[in-house]
Amino acid sequence: MNNRLKVLRAERNWSQADLAERLEVSRQSVNAIETGKYDPSLPLAFKIAALFALPIEAIFSAD
């Protein structure tokens, strides 16, 4: 699954640790999602979408 998480995070000048704190996950989890090594659970995907005020489809794609 592809995602725009790294770009969205960079636009806000957030580190992976900053994003992890906001999502209440580890920095390693953020890194794994950004690099495509891990697909977030549906609840986490909704939490990410809410944090960035975007629909899930604007962040994640099944390409």
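Everything numeric here is computed off the predicted structure, so don't read it as measured data.

Thresholds, definitions, all that
- Residues numbered from 1 in each chain as written.
- Predicted model: local features only at pLDDT ≥ 70, side-chain atom pairs only at ≥ 80, totals over all residues.
- Heavy atoms only, no water.
- Salt bridge = Lys/Arg side-chain N within 4 Å of Asp/Glu carboxyl O.
- Helix = DSSP H or I, 4+ residues; strand = E, 2+ residues; numbered from the N terminus.
- Buried < 20%, exposed > 50% of the residue type's maximum accessible area, 1.4 Å probe, protein only.
- Core = buried A, V, L, I, M, F, W, Y, C linked by side-chain atoms within 4.5 Å.
- Contact = heavy atoms within 4.5 Å.
- UniProt positions renumbered as here; feature names shortened; annotations may be inferred.

## Thoughts on the pattern of salt bridges
Summed over all chains, the structure comprises three salt bridges. Here arginine 9 makes a salt bridge to glutamate 34, at a shortest N to O gap of 2.5 Å. Note that arginine 9 is positioned in helix α1 (residues 5–11) and glutamate 34 in helix α3 (residues 27–34), a separation of 25 residues in sequence. Overall, the relative accessible area of 11% leaves arginine 9 in the buried class. The buried category is assigned to glutamate 34, whose relative accessible area is 13%. The salt bridge involving arginine 12 is made with glutamate 11; its shortest N-O contact spans 3.7 Å. Judged by its relative accessible area of 52%, glutamate 11 is exposed.

## Focus on the nonpolar core
Counting residues in each nonpolar core, the largest one holds 16 residues, and the members touching the most others are Leu5, Leu19, Ile48, Phe52, Ile59 and Phe60. Where this core is concerned, the elements lending two or more residues are α1, α2 (16–23), α3, α4 (42–52) and α5 (56–59). By residue number, the principal contributor to this core is α4, which donates five residues. Among all residues touching isoleucine 48, those that are not within four sequence positions of it are Leu5, Leu23, Ile59 and Phe60.

## A word on the UniProt feature "domain: HTH cro/C1-type" (unreviewed entry) in the protein chain
UniProt's feature table lists "domain: HTH cro/C1-type" (unreviewed entry) at residues 5–59, given in the numbering used throughout. Split by type, residues 5–59 is 69% helix and 0% strand. Its first and last C-alpha atoms lie 7 Å apart.

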